[in-house]
Amino acid sequence: MAERTTVNVGEPADERSVDGNSRPYGNVSEGGDQERVGGGRSTSFGINSGDYSQQINKVFADLDATNGSEFHNFYDGQHDDVPPPSASTEDGWNGKSSEDFQICKSDVCYKIVPIIGAVSYEYFSLKIMNPSWFLRAFYGIDQRVGNALWLQSQVGIGLYIYSHKHIQALTLSRRVLYSVFGSLIFNYSSCLFWALGKNYLPRNQSIRVGFGLLTGWFLLFIGREYLHHVDKLCSDQID
């Protein structure tokens, strides 16, 4: 009959005990269960709780002694391959401070309002090219909406002309006069162009709407390019 052997689970292979040959680490009770040593973890795993706590305390003591120098050195730029974070990137603005994103009064008057005026200008073309759709879309308030779009188009384009460099040297009254004149001429001539063009187009609402929107965008683009060209000529003469 073969001998009964007992192997302690968790011990290294060279420390495993076999009955009759060596005594396992720790005391074995009469029932065959292995006793705990030092009131900690079972020695069947080969680790004493007191030693484990000492190791943890030693690690924290070492970290306190160095005062996190490894992390400070990393962020002080000693690692050349990784640049230290800056205040601008920590704010999440990719190198720009929050002051660069503030909207001032000039931005509202000379950028936002002209953009709204251009959108109103395009919407007003729908009132001329397809009045039945405009009436259904704004039933009961179509006249007020049309007047609001017309007024906003006048104001937006007028402010856009007013902001350009070639009239900056003029007096305030001249600047206002020229801006109002340019806005009125542009808007009224556009309405006349759409009204005449509608008579020569087929009675297809899609074609008329597309004609109004495309020609409106084209006229806005030409007007913008013309004003930039005049600004460039004035700048060249000053230089």
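Residues numbered from 1 in each chain as written. Predicted model: local features only at pLDDT ≥ 70, side-chain atom pairs only at ≥ 80, totals over all residues. Heavy atoms only, no water.

### Comments concerning the packing of helix α4 (residues 105-129) against helix α6 (residues 142-162)
For clarity, the cut-off: A fitted line through C-alpha atoms serves as each axis, taken over the contacting stretch for helices, and the angle formed by two N-to-C directions is quoted from 0 to 180°. Strands are runs of DSSP state E lasting at least 2 residues, helices are runs of H or I lasting at least 4, and numbering of each runs from the N terminus. Convention used here: angles under 35 degrees read as roughly parallel, angles over 145 as roughly antiparallel, angles from 65 to 115 as roughly perpendicular, and any remaining angle as oblique. If you view the pair so one helix is near and one far, a crossing is left-handed when the near helix is turned anticlockwise from the far one by less than a right angle, and right-handed when it is turned clockwise.
Put simply, α4 and α6 touch, their axes get as near as 7 Å, and they point 140 degrees apart. For the element pair α4 / α6, the angle class is oblique. Crossing geometry of α4 relative to α6 is assigned as left-handed.

### Notes on the environment of Gln 205
To keep it simple, the criterion reads: Exposure categories follow from relative accessible area, calculated using a 1.4 Å probe and restricted to protein chains: below 20% of the type maximum is buried, above 50% is exposed, and the middle band is partly exposed. The contact rule is simple, with two residues in contact once any of their heavy atoms fall within 4.5 Å.
Relative to the elements of secondary structure, Gln 205 occurs in helix α8 (residues 205-238). Overall, the relative accessible area of 37% leaves Gln 205 in the partly exposed class. Taking the C-alpha atoms as reference, Gln 205 lies 9.5 Å from Ser 132; in sequence the two are 73 residues apart. The residues touching Gln 205, leaving out its near neighbours within four places in the chain, are Met 129 and Asn 130.

### Looking at the environment of Ser 120
Looking at the secondary structure, you find Ser 120 in helix α4. Separated by 34 residues in sequence, Ser 120 and Gln 154 place their C-alpha atoms 9.2 Å apart. Beyond its immediate sequence surroundings of up to four residues, Ser 120 is in contact with Leu 149, Gln 152 and Ser 153.

### A look at the environment of Lys 165
Tracing the backbone shows Lys 165 in the loop between α6 and α7 (172-200). For Lys 165, a relative accessible area of 61% puts it in the exposed group. Linking Lys 165 and Leu 227, residues 62 residues apart in sequence, is a C-alpha distance of 9.1 Å.

### What about the packing of aromatic side chains?
As a reminder of what qualifies: Side-chain rings of Phe, Tyr and Trp (the six-membered ring for Trp) are treated as a pair once their centres are within 6.5 Å; stacked means planes under 30 degrees apart, edge-to-face means over 60, and tilted covers the remaining angles.
Scanning all chains against the criterion turns up eight aromatic pairs. With 4.9 Å between their ring centres and 50 degrees between their planes, Phe 134 and Phe 138 make a pair best called tilted. A residue is classified by how much of its surface remains accessible, and Phe 138, at 23% relative accessible area, is partly exposed. Plain terms: the ring middles of Trp 217 and Phe 221 are 5.6 Å apart, the flat faces sit at 10 degrees to each other, and that makes the pair stacked. Separated by four residues within a single helix, Trp 217 and Phe 221 lie in helix α8, roughly one turn from each other. Overall, the relative accessible area of 37% leaves Phe 221 in the partly exposed class. What links up through ring pairs into an aromatic cluster is the set Tyr 121, Phe 186 and Trp 194.

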